[in-house]
Amino acid sequence: MSRNAKINGLLLLLVAALAVLPIALGLGEGKEEPFAGADNQAEAAITELKPDYEPWFSPLYEPPSAEVESALFALQAALGAGVLAYYFGVRKGRRQGAAAAAAAATAAPADAAATPAASES
């Protein structure tokens with residue numbers, strides 16, 4: 001097994017552990033929203049420390065439910081991942097194209113020297 005395959009397998013196991021362990025260990029049990037986002041937790045902490053706190057501004061759009069909010073967040077994450085994947089794909093394609101062009105340029109003088117001799121006969 002190559003070194004890259006071992007690293008990829010280890011990273012895959014680590015990601016799976018990060019996804020499964022909080023649920024398996026029951027870290028969210030006994031809470032109304034067991035895996036609430038940091039925004040909700042920060043809001044709860046602020047209102048606990050200072051009940052008369054007034055936010056500086058309100059959201060432009062408030063989703064109708066937590067499921068819709070979660071779906072919009074997942075869509076945002078997917079779009080961001082798509083943009084990053086496109087960028088890195090373009091970079092790799094340009095690098096491979098430049099390498100192929102350089103290889104063709106070094107092979108072209110040898111082909112050009114062989115071509116006139118073939119056409120003379």
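Predicted model only: the values in this text are computed from it and were never measured.

## Looking at the overall build of the protein
At step 1: Secondary structure summary: the protein contains three helices and zero strands in total.
At step 2: Its helices and strands taken in sequence order, the protein reads α-α-α from the N to the C terminus.
At step 3: Going through the 121 residues of the protein one by one, you find that 2% of them count as buried.
At step 4: As displayed, the protein offers around 10,900 Å² of accessible surface, 66% of which is attributable to carbon and sulfur atoms.

## A few points about a nonpolar patch on the surface
At step 1: A cluster of nonpolar side chains, contributed by Leu-60, Tyr-61, Val-68, Leu-72, Leu-75 and Leu-79, occupies part of the molecular surface with about 660 Å² of accessible area.
At step 2: By the secondary structure assignment, Val-68 is in helix α3 (residues 66-120).

## Description of a negative patch on the surface
At step 1: Where like charges cluster on the molecular surface, the negative patch consists of Asp-39, Glu-43, Glu-62 and Glu-69.
At step 2: By the secondary structure assignment, Glu-69 is in helix α3.

## So, helix α1 (residues 3-24)
At step 1: For α1, with 22 residues, the first-to-last C-alpha span of 31 Å sits near the 32 Å given by 1.5 Å per residue.
At step 2: Most pronounced at Leu-18, the bend in α1 amounts to some 30°, and the proline Pro-22 follows within four residues.
At step 3: Counting buried residues in α1 gives zero out of 22 residues, a small share hidden from the surface.
At step 4: Once α1 ends, the next one or two residues include Gly-26, with phi positive near 70°.

## Topic: the environment of Gly-37
At step 1: By the secondary structure assignment, Gly-37 is in the loop between α1 and α2 (38-49).
At step 2: With 33 residues separating them in the primary sequence, Gly-37 and Ser-70 have C-alpha atoms 9.8 Å apart.

## Considering the packing of aromatic side chains
At step 1: Scanning the model with the defined rule gives one aromatic pair in all.
At step 2: Each ring, one from Tyr-87 and one from Phe-88, has its centre 5.3 Å from the other, and the planes form 65°; the classification is edge-to-face.

## Description of the confidence of the model for the protein
At step 1: Of all residues in the protein, 84% have pLDDT values of 70 or greater, and the mean over the chain is 84.
At step 2: Here α2 is the element of the protein with the lowest mean pLDDT, 83, and α1 is the one with the highest, 92.

Rules used in this analysis
- Residues numbered from 1 in each chain as written.
- Predicted model: local features only at pLDDT ≥ 70, side-chain atom pairs only at ≥ 80, totals over all residues.
- Heavy atoms only, no water.
- Helix = DSSP H or I, 4+ residues; strand = E, 2+ residues; numbered from the N terminus.
- Buried < 20%, exposed > 50% of the residue type's maximum accessible area, 1.4 Å probe, protein only.
- Areas by Shrake-Rupley, 256 points an atom, 1.4 Å probe, with all protein chains shown as cover.
- Patch = residues over 30% accessible without salt bridge, like charges linked within 9 Å, V, L, I, M, F, W, Y side chains within 5 Å.
- Salt bridge = Lys/Arg side-chain N within 4 Å of Asp/Glu carboxyl O.
- Lys, Arg positive; Asp, Glu negative; His and termini not counted.
- Charge placed at Lys NZ, Arg CZ, Asp CG, Glu CD.
- Expected span 1.5 Å × (residues − 1).
- Bend = angle between axes of the 7 residues up to and from the residue.
- Phe/Tyr/Trp six-rings, centres within 6.5 Å; stacked < 30°, edge-to-face > 60°.
- pLDDT = per-residue confidence, 0-100.

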